[in-house]
Amino acid sequence: MPKCYPNLVGGSQVKPRPWLSSCDYFESLLSGVIWELMEPETGNSTNKMEESATPKDSKDVTKSRHDIFIQEIEGMDDYWGSTFRNVYDKEEQEQFMQELDDRIKEHDKNIERMCSFHYQGFIDSIRELLQVRSEASKLKHEVVGVHQELADVSLQLLQQGDTLARARRVQTNVQQGMTALMACLPVLETYAKLSRQMKEQRFYPALKTLELLELTYLPRVAEHRFAQTIRESVPRMRDSIRDASMSDLKDFLEEARRESPRVGEVAMRHAAEQCALDAAAPRPAMQKRHTLAFLGVQAISPIALYGEEPADDADDEGAAQEMVNFSAVYRCLHIFTALGARDAFETYYRKQRQQQCELALRPPANMHESLVGVRDYLHGVAGFFVVEDHVLNTTSGLVTRAHLDQLWSEALAQLTAALQTHSACCTDPNMLLTFKRLIMIFSHTLRNYGLAVQPLNQLLLDIRDHYSEVLMQRWVQVFREIFDSDNYHPVQVDSEQEYEQITLVFPYANAQLEKAPFPKAFPFSLMVPKVYSQVKEFIHSCLRFSEDLDLSQSEKDDVLRKSTNVLLTRTLSGCLATLIRKPGLGLLQLIQITINTIYLEEASVYLEDVITRITGYNPKQDGGLQSRLVGHTMFKDIRAETEQQIYMQLQAKIDEFLELAAYDWLLPEPEGTASAYLVDLIYFLNTTFTAFTNLPTKVAQTACMSGCQHVGKQLMQQLLGEDARQLSTGALQQLNLDVIQCEQFAASEPVAGFEEGALLMCFADLRQLLDLVLDWDWATYFQEYGAPDARYARVSPARATVVVEKLRDADKRNMFSVLKRAERDRKKLQDTVLKQLRQLAQAGQQ
């Protein structure tokens, strides 16, 4: 590699040329810079050094300076003028040349050493240089060719440039001519576009085009007469756009009024789907209830709201707002805003919508006749406010929230009054349930749109109370049908399936009855499971109305208990009271009713469990006071009244038998046996008291005691009554036989549990009176009269007087009796007894 020598002045590298000798190389460098010697230069560092040197050191300084010059020549490759100028200024050319020759010789020696060391590399470099020379010659010829081609092309380019310049001058002239013509074209095109938009009834773009024409294009051509004509027609076009927009608004208002019911229907349908309030949907909260086909229990279920009808339009699947085209109102709003009449537009729109709201809130005359009217009415109101809400959300200020809330507040009062009036006219619980669901869906729909619905919740509570009253009226008929269809005989089952059906409906368990063979007889009639099932159905029916309301479990529990208490104390109690007072109701039927009330009273505690189970609320577990059902008290009161009816019926039946008594009070001799009517009466009493087996012991005893007392009183009444004006001894003996029959019945204990002789006391008054008269034991009577343990203590002087007088009157009928001494003595004795009896009676009155 050729060696590079450092430039002692500038610090760069100088590459020696290998094809030149060292002397030729330096000579070429010197000849290249001679022209710079003629240029003056000041401030040279060498001059400064020379000026600072002393004469003593002149030779050394000169040598040092020449060394510096040589170093500068060696260090710089292109600019040596200043160095040579300094040499010539000092006139030291010969000395410098000598120094330069010495340095060249030194470098030649170095080059020779280097060449000797790198000879082969030098030869290779020379060869490569020769190859480069041939390539350089070839490149030169190619450059010459390219230069010629470039010259030819440049000539053509200059020619084309001249042509282009001439074309540009022509274009400029044409453009300047067209500019004047094109200034009018935008005005004409815009006016044509405006006319086309007006014809196509695109009024808002037409208004924008008119504004663009008036403010932008017409001022540019104001000097033309056609521009003035167009400017004069602008106000007429604005008025035309205003009138057309108002016509579109009226069409929109008519469409909104016409489509509001459909919009409301779709909105309420979507709300029902979201809240699962469709009446056709099953209620998962309702528990499964077991009923018997032969009980005839019918459940109350609401009428389906939307399940029975297909969708009217495929648009129902979309948003309700998509059913009305709101583009007209948007265009009108933009147009009137652009015209500066937005306030007038808002006032007109709100006034028209206010009138439409009043029309929507006006209920139809026959709305109470069917749910279709109610549904359409609610659809119309809901659709109106859905449309208004959409306008509120999609426009700026046309409908404000305050205005919509005020409109809804006024509408809600009128709506609530109309719905309340309709619900008061409805007496079908199924319709009321559906009516409630309609109101709830309506309430959910409008609440989703941010409207307050608290009055509707209060309306639902009022309707719930009316629903309870309607249920009460319906259950009056249900209970009456049960009572009328019942045979008032114990339920008899012939198979295990029938037995399980009864026990599944009514909570009754009896170990003895379960072990007994079929056929089995329950102690109650079919009325009991029917009434119990209907009371449960009433509870579930009440829950159907309350289950979707925003009520807590405790509130639902309280509502059900209160409604059930009203059903028991007013409806069922009234029906039972009417039943037991029903004319023609037999004694056995009254007894069975009493038995039925016992089992219904025992089952009333299970009704509380039913309420707790279906509401999921247990007041005892929550530490609350449990509102108990009052079935116990009601059934006790009804049973007490039924028992009074039993006593009255028993006495009435006894009276029927006693009315058959045809005593011959002047019978000379007794028949020897008890009277036929009395035998029948005793048989009836035995049969009746046998039916008292399932009654409480106290009731059976009271009935038996009152019956025996009534028989004794009636026999006494017949003896002392006006019908028996005269008595014979034979008639008294026949009556004595009848009393003996009654005493035998009393002694047989027809009802268990009496103390010994208790029933006999019912006939004690008559027995002592008959014994006194038939035995004619007056001496004992007068002697023991007033004593606590007297033999005839229950015989009053007044009763004895009546009997003796009737005996005396009977004796007077026999005119021949005065001829017999015995009869005369008997008559005297009767007079004496009567005298003493009257004295005792008078003494007792004092």
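Refer to the structure above for everything that follows.
Residues numbered from 1 in each chain as written. Predicted model: local features only at pLDDT ≥ 70, side-chain atom pairs only at ≥ 80, totals over all residues. Heavy atoms only, no water.

Visitor: Hey, could you go over unusual backbone geometry for me, with residue numbers and the actual values?
Guide: Following Phe 518, the chain continues to Pro 519 via a peptide bond in cis, the omega torsion being 0°. Locating Pro 519 in the fold gives a position in the loop between helix H17 (511-515) and strand E4 (520-521). Its identity as a non-glycine residue notwithstanding, Trp 776 has a phi of 55°, on the positive side. Inspection of the secondary structure assignment puts Trp 776 in the loop between helix H25 (764-775) and helix H26 (778-784). (Helix = DSSP H or I, 4+ residues; strand = E, 2+ residues; numbered from the N terminus.)

Visitor: Break down the nonpolar core for me, citing the residues and quoting the values.
Guide: If you look at the biggest cluster of nonpolar residues, it comprises 182 residues, and the most contacted ones within it are Phe 385, Leu 415 and Phe 483. Counting residues per element, this core draws most heavily on helix H15 (residues 454-485), which supplies 13 residues. Contacts of Phe 385, omitting those with residues within four sequence positions, involve Cys 357, Leu 404, Leu 407, Trp 408, Ala 411, Leu 446 and Leu 451. Judged by nonpolar contacts, the second largest core, of 20 residues, contains Met 198, Tyr 217, Val 234 and Ala 244. (Core = buried A, V, L, I, M, F, W, Y, C linked by side-chain atoms within 4.5 Å. Buried < 20%, exposed > 50% of the residue type's maximum accessible area, 1.4 Å probe, protein only. Contact = heavy atoms within 4.5 Å.)

Visitor: Would you mind going over helix H7 (residues 185-199) in detail, with residue names and values included?
Guide: For H7, with 15 residues, the first-to-last C-alpha span of 21 Å sits near the 21 Å given by 1.5 Å per residue. Those residues of H7 not exposed but buried are Val 187, Thr 190, Leu 194, Gln 197 and Met 198. With its buried residues spanning 100° around the axis, H7 presents them on a single face. Away from its buried face, by an angle of more than 90 degrees, H7 presents the exposed residues Glu 189 and Lys 199. In this structure, the buried residues of H7 make contact with helix H8 (203-217) and helix H9 (225-275). (Expected span 1.5 Å × (residues − 1). Arc of directions from axis to C-beta.)

Visitor: Describe empty space enclosed by the protein, and please don't skip the residues or the numbers.
Guide: Per the stated rule, a full pass over the model turns up two cavities of 30 Å³ or more. Estimated volume of the largest cavity: approximately 60 Å³. Around the largest cavity, the lining residues are Val 531, Tyr 532, Val 535, Leu 568, Leu 572, Leu 600, Ala 603, Ser 604, Leu 607 and Phe 635. Of all the secondary-structure elements, those providing two or more residues to the lining of the largest cavity are helix H18 (527-546), helix H19 (553-580) and helix H20 (587-615). When residues of the lining of the largest cavity are assigned to their parent elements, the largest contribution, four residues, is made by H20. Of the residues contributing to the lining of the largest cavity, the split by class is nine nonpolar, one polar and no charged. (1 Å grid on protein atoms, 1.4 Å probe; cavity = no way out; pocket = protein on both sides within 12 Å on 5 of 7 lines; lining within 4 Å. Points joined across faces, edges and corners; volume = space filled by probe spheres on them. Nonpolar A, V, L, I, M, F, W, Y, C, P; charged D, E, K, R; others polar.)

Visitor: Give me the lowdown on the packing of aromatic side chains, citing residues and values where you can.
Guide: We describe a pair of aromatic rings using the distance from one ring centre to the other and the angle between the two ring planes. As enumerated under the stated definition, the model contains 26 aromatic pairs in all. On the basis of an interplanar angle of 85° and a centroid distance of 6.0 Å, the ring pair of Trp 778 and Tyr 781 is categorised as edge-to-face. Of the two residues, Trp 778 and Tyr 781 both sit in helix H26, three residues apart, roughly one turn of that helix. A relative accessible area of 4% means that Trp 778 is categorised as buried. (Phe/Tyr/Trp six-rings, centres within 6.5 Å; stacked < 30°, edge-to-face > 60°.)

Visitor: Explain the environment of Met 472 to me, and be specific about the residues and the numbers.
Guide: Mapped onto the fold, Met 472 is located in helix H15. For Met 472, a relative accessible area of 4% gives the class buried. As a C-alpha pair, Met 472 and Leu 568 span 96 residues in sequence and 9.8 Å in three-dimensional space. In contact with Met 472, not counting residues within four places along its chain, are Phe 538, Ser 563, Val 566, Leu 567, Arg 570 and Thr 571.

Visitor: Tell me what's going on with the environment of Ala 267, and back it up with residues and numbers.
Guide: Relative to the elements of secondary structure, Ala 267 occurs in helix H9. Along the backbone, Ala 267 and Thr 445 are 178 residues apart, and their C-alpha atoms lie at a distance of 6.6 Å.

Visitor: Residue-level account of the packing of H9 against helix H10 (residues 327-338), with values.
Guide: Across the interface, H9 lies against H10 with an axial gap of 9 Å and an inter-helix angle of 150°. What the angle tells us is that H9 and H10 run roughly antiparallel. Judged by the sense of rotation from one axis to the other, the crossing of H9 with H10 is left-handed. Taken together, the residues of H10 that come into contact with H9 (itself represented by Ile 241, Arg 242, Ser 245, Met 246, Asp 248, Leu 249 and Phe 252) are Ala 328, Val 329, Arg 331, Cys 332, Ile 335 and Phe 336. (Axes fitted to C-alpha atoms, helices over the stretch in contact; angles between N-to-C directions. Parallel < 35°, antiparallel > 145°, perpendicular 65-115°, else oblique. Left-handed = near helix turned anticlockwise from the far one by under 90°.)

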